[in-house]
Amino acid sequence: MDTQFKKRGYLWPFSFLYGLGVAIRNRFFDWGILPSEEFNIPIISVGNITVGGTGKTPHIEYLIRLLSPQYRVAVLSRGYKRKSKGFVLANENSTDMELGDEPFQIKRKFPDLTVAVDANRRRGIKKLMELTPKIDVILLDDAFQHRYVKPGISILLTDFNRIIYKDSLLPVGRLREPAFERMRAGMVIVTKCPLDIKPIDFRIIQKHLDLFTYQSLYFSTYAYKELQPVFPEHIAFPKCLRQEKEHDAILLVTGIASSHTIKQQVELSAKKVVELNFSDHHKFTPKDIQRIMHKLASLKQKNAFIVITEKDAARLLHMSNLPPELKSKLYYLPVEVEFLQNQQEDFNKKIEGYVRKNRRNSTLSK
């Protein structure tokens, strides 16, 4: 048993009670006591059963890139930690405070995309269909537990570094549902896999997940792109990361669930990497900015700079009174999803085939 689970042994009774409550709720949906609503439009849900990051946003963005050339795509999220209420349709003036950091990041990266937030997904879908009647497909962000909507395809993500069958229910572990609930998913993606993963690892994971024949299993990894300045107007000479440890020092600042993957990438390019971690979805304060500046100064390297994630960049972009010296040192590291084992073609084919057959104006869907 994991050492961490042993240390939290006194929490097992609470974990049992939590699991009992989750099981009762799920059975109510299975038996039809609680309703799951279907809609006459392709709906693809991307989610997890784990507290913390499994890569939902990069995988949503992968689907956007895949489908947008042929279809009108909309993304619906609950807008975690936003200050607004109810249904909000994003526009060019929307901020992270209105949408939440992840939907704002998506809207900023894909300005022509329809992006909306609503904690009530049924209402959100109906509003999207009413306000943007020409959309062909809706991507539901972080909706695996939101069973009031029955998606056409449900994609479940699990982090390679903490795969669901090795985890436990809250509060002992990080699972929001028992691992066997993975059987509700049509597709399971093991995310954040290392590039040097061995064939035996694929087989071990496949065996332990023990999926049904109707379920598809995929493995994905992160491909980091060139550094981008958060405030381009303050950057005289944009930097790039190369894998030769050419930089003397980098301060890595993260407000995400796990910084393990991005830290590995940054360490390839710098002789010294100092980490400053905040909680997931952390809202930065003036005191946090002072702390970051102090940490950067403590590196005592004239050419040191700060690397953050795209999600953190979304939160800092509209923060007022950021000192110019911070803006001139601030870069984010974009990330995209790539599939391993030559699985990309099969994944793409299944997603595109589902949308093509079920879009509202398709003769096949009538």
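- Under an unreviewed UniProt entry, the name given to the protein is Tetraacyldisaccharide 4'-kinase, and the organism recorded is Candidatus Gallibacteroides avistercoris.
- Note on the protein: under the UniProt heading Sequence similarities (unreviewed entry), the record states "Belongs to the LpxK family."
- Per UniProt, the protein has the following entry under Pathway (unreviewed entry): "Glycolipid biosynthesis; lipid IV(A) biosynthesis; lipid IV(A) from (3R)-3-hydroxytetradecanoyl-[acyl-carrier-protein] and UDP-N-acetyl-alpha-D-glucosamine: step 6/6."

### Some points on the overall build of the protein
Part 1: Secondary structure assignment for the protein yields 12 helices and 14 strands.
Part 2: Its C-alpha radius of gyration of 21 Å places the protein within 12% of the 21 Å reference for a compact globule of 366 residues.
Part 3: Its C-alpha atoms give the protein principal-axis dimensions of about 65 × 50 × 40 Å.
Part 4: Across the 366 residues that make up the protein, the buried fraction comes to 54%.
Part 5: Expressed as a percentage of contacts within the protein between residues at least 6 apart in sequence, the contacts between residues at least 24 apart total 79%.
Part 6: Surface exposure of the protein reaches about 18000 Å², of which carbon and sulfur atoms provide 52%.
Part 7: For the protein, the separation between the mean place of its 58 positive charges and that of its 40 negative charges on side chains is 3 Å.

### Quick look at the UniProt feature "binding site: ATP" (unreviewed entry) in the protein
Part 1: When the UniProt feature table is mapped onto this chain, "binding site: ATP" (unreviewed entry) is found at T50, V51, G52, G53, T54, G55, K56 and T57.
Part 2: Looking at the secondary structure, you find G53 in the loop between β1 (43–47) and α3 (56–67).
Part 3: Leave out the neighbours within four places in its chain, and G53 touches D159, K192 and A257.
Part 4: Along the chain, T54 turns up in the loop between β1 and α3.
Part 5: Once residues lying within four places of it in the same chain are set aside, the contact partners of T54 are N48, L157, T158, D159, T191 and K192.

### Describing the sheet that holds strand β4 (residues 114–117)
Part 1: As summarised here, the arrangement of the nine strands in space is β3-β4-β2-β5-β1-β6-β7-β8-β14, forming an open sheet in which the pairing is mixed. Each end of this open sheet is capped by a strand with a single partner; those strands are β3 (88–89) and β14 (335–339).
Part 2: Note: β3 against β4, two bridges, orientation antiparallel. Within β4, the residue paired with V88 across the bridge is V117.
Part 3: Across the sheet, α3 is in contact with β1, β2 (73–77), β5 (137–141), β6 (153–159), β7 (187–191), β8 (216–224) and β14; its angle to β5 comes to roughly 170 degrees.

### Here we look at the environment of L340
Part 1: Tracing the chain through its elements places L340 in the loop between β14 and α12 (344–358).
Part 2: Classification of L340 as buried rests on a relative accessible area of 12%.
Part 3: When the C-alpha positions of L340 and L99 are compared, they lie 32 Å apart, and in sequence the two are 241 residues distant.
Part 4: If near-sequence neighbours (up to four positions away) are discounted, L340 is found in contact with C193, P194, L195, I197, F202, F219, S220 and T221.

### What to know about the packing of aromatic side chains
Part 1: Evaluated as defined, the whole model comprises 11 aromatic pairs.
Part 2: Geometrically, the ring pair formed by F29 and Y148 is edge-to-face, given 4.9 Å between the ring centres and 80 degrees between the ring planes. Remark: Y148 occurs in the loop between β5 and β6 and F29 occurs in helix α2 (residues 12–30); sequence separation between them is 119 residues.
Part 3: Consider the rings of F278 and F284, whose centres lie 5.3 Å apart with planes at 75 degrees: the pair is edge-to-face. Residue F278 shares its accessibility class with F284, and that shared class is buried.

### Comments concerning the side chain of T114
Part 1: Locating T114 in the fold gives a position in strand β4.
Part 2: Taking the relative accessible area as the measure of exposure, T114 reaches 18% and is therefore buried.
Part 3: Ignoring any residue separated from it by four or fewer positions in sequence, one finds T114 in contact with V73, A74, V75, L89, L128, T132 and I135.

### Brief notes about the pattern of salt bridges
Part 1: Counted according to the given criterion, the structure contains 26 salt bridges.
Part 2: The salt bridge involving D159 is made with K192; its shortest N-O contact spans 3.7 Å. Taken together, the residues D159 in strand β6 and K192 in the loop between β7 and α7 (199–209) connect sequence positions 33 residues apart.
Part 3: Owing to a relative accessible area of 8%, D159 belongs among the buried residues under this scheme.
Part 4: One salt bridge in this structure joins D346 and K350, with 3.4 Å as the shortest N-O distance. Taken together, the residues D346 and K350, both in helix α12 and four residues apart, mark about one turn of the helix.
Part 5: Residue classification places K350 among the partly exposed positions, given a relative accessible area of 35%.
Part 6: A single salt-bridge network, built from bridges that share partners, covers R27, D30, R147, E177, E181 and R184.

Criteria and cut-off values
- Residues numbered from 1 in each chain as written.
- Predicted model: local features only at pLDDT ≥ 70, side-chain atom pairs only at ≥ 80, totals over all residues.
- Heavy atoms only, no water.
- UniProt positions renumbered as here; feature names shortened; annotations may be inferred.
- Helix = DSSP H or I, 4+ residues; strand = E, 2+ residues; numbered from the N terminus.
- Rg over C-alpha atoms; globule rule 2.2 N^0.38 Å.
- Buried < 20%, exposed > 50% of the residue type's maximum accessible area, 1.4 Å probe, protein only.
- Contact = heavy atoms within 4.5 Å.
- Areas by Shrake-Rupley, 256 points an atom, 1.4 Å probe, with all protein chains shown as cover.
- Lys, Arg positive; Asp, Glu negative; His and termini not counted.
- Charge placed at Lys NZ, Arg CZ, Asp CG, Glu CD.
- Pairing = 2+ DSSP bridges.
- Axes fitted to C-alpha atoms, helices over the stretch in contact; angles between N-to-C directions.
- Phe/Tyr/Trp six-rings, centres within 6.5 Å; stacked < 30°, edge-to-face > 60°.
- Salt bridge = Lys/Arg side-chain N within 4 Å of Asp/Glu carboxyl O.

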